Amino acid sequence: MTAEADERDSPAANSCAITRSYGPFTVVEISGEIDMATADLVVEHLDAATAIAEPDVLVDLRPVEFLDCSGLRVLCRAERRARERGGRLRIVSDGPRIDRLLRASGLLGRFPPLRAMPSQEEKSQ
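About the cut-offs
- Residues numbered from 1 in each chain as written.
- Predicted model: local features only at pLDDT ≥ 70, side-chain atom pairs only at ≥ 80, totals over all residues.
- Heavy atoms only, no water.
- Phe/Tyr/Trp six-rings, centres within 6.5 Å; stacked < 30°, edge-to-face > 60°.
- Core = buried A, V, L, I, M, F, W, Y, C linked by side-chain atoms within 4.5 Å.
- Buried < 20%, exposed > 50% of the residue type's maximum accessible area, 1.4 Å probe, protein only.
- Helix = DSSP H or I, 4+ residues; strand = E, 2+ residues; numbered from the N terminus.
- Arc of directions from axis to C-beta.
- Contact = heavy atoms within 4.5 Å.
- Pairing = 2+ DSSP bridges.
- Axes fitted to C-alpha atoms, helices over the stretch in contact; angles between N-to-C directions.
- Parallel < 35°, antiparallel > 145°, perpendicular 65-115°, else oblique.
- Nonpolar A, V, L, I, M, F, W, Y, C, P; charged D, E, K, R; others polar.

K.L.:
Hey, could you run me through the packing of aromatic side chains in this one?
P.N.:
Aromatic ring pairs are reported here in terms of the distance separating the ring centres and the angle at which the planes meet. Applying the stated criterion across every chain yields a total of one aromatic pair. Considering the side-chain rings of Y22 and F25, the 6.3 Å spacing of their centres and the 25 degrees angle between planes classify their relative orientation as stacked.

K.L.:
I tried to follow the nonpolar core on my own but got confused; where do I start?
P.N.:
Considering soluble globular proteins, one finds that nonpolar side chains tend to be buried as a cluster. In this structure, L46 and V59 are the most contacted members of the largest nonpolar core, which totals 27 residues. Secondary structure elements with two or more residues in this core: β2 (25-30), α2 (39-49), β4 (56-60), β5 (64-67), α3 (69-84), β6 (88-92) and α4 (96-105). For this core, the element with the highest residue contribution is α3, accounting for six residues. With six residues, the next largest nonpolar core counts F25, V27, V92 and M117 among its residues.

K.L.:
Sorry, what's going on with α4 here?
P.N.:
In an α-helix, one turn spans 3.6 residues, which is why side chains three or four residues apart end up on the same side. Within the span of α4, buried status applies to I98, D99 and L102. The arc that holds every buried residue of α4, seen down its axis, measures 100 degrees, which confines them to one face. Among the exposed residues of α4, those pointing more than 90 degrees away from its buried face are P96 and A104. Where α4 is buried, its residues meet β5, α3 and β6. Immediately downstream of α4, the backbone of G106 shows phi near 80 degrees, a positive value.

K.L.:
Even after reading the chapter, I still don't get the sheet that holds β4, so can you show me in this structure?
P.N.:
Strand-to-strand pairing in sheets goes through backbone hydrogen bonds, with the strands running parallel or antiparallel. The strand order across the open sheet formed by four strands is β1-β2-β4-β6, and the pairing between neighbours is mixed. Looking at which strands have only one partner, the edges of the open sheet turn out to be β1 (17-22) and β6. The sheet shows a mean angle of 25 degrees between the axes of neighbouring strands, taken without regard to direction. Note: β1 against β2, six bridges, orientation antiparallel. Bridging from a neighbouring strand, A17 pairs with I30 of β2.

K.L.:
I would appreciate a short explanation of the packing of α2 against α3 in the present structure.
P.N.:
Helix-helix packing is characterised by the crossing angle of the two axes and by the distance between the axes. Two numbers describe how α2 lies on α3: the axes approach to 10 Å, and their chain directions differ by 10 degrees. As judged from the angle between their axes, α2 and α3 are roughly parallel. Within the contact between the two elements, α2 uses A39, V42, V43, L46 and D47 and α3 uses S70, R73, V74, L75, R77, A78 and R81. Looking at the contact of α2 with α3 residue by residue, the classes come out as seven nonpolar, one polar and four charged.

And the structure:
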């Protein structure tokens, strides 16, 4: 599938999420406040990104200002979908707020944050 086809199949950008291709990865960039009122805007992007066989999804949380348990639930669901399809979902976060939230919720082991986007050539790590 070409990058152009990937872009066509991606949901339209909204106030909380945008999906793009980055080398072998599908990147879902999340921004703003992710809570019960906005989580569904993220779900549509994560569902599309994890709908294919062997998805390799990077969820960029660096622009997120606030994330509550609704956002964590969405991430857990998407990560499970990716694994069920033989793929993976990882988060990119360079802020201590997300680290504290993951640690407090017991999810730091499931989502050890990448501090920056991986190289476009990196696929097997």
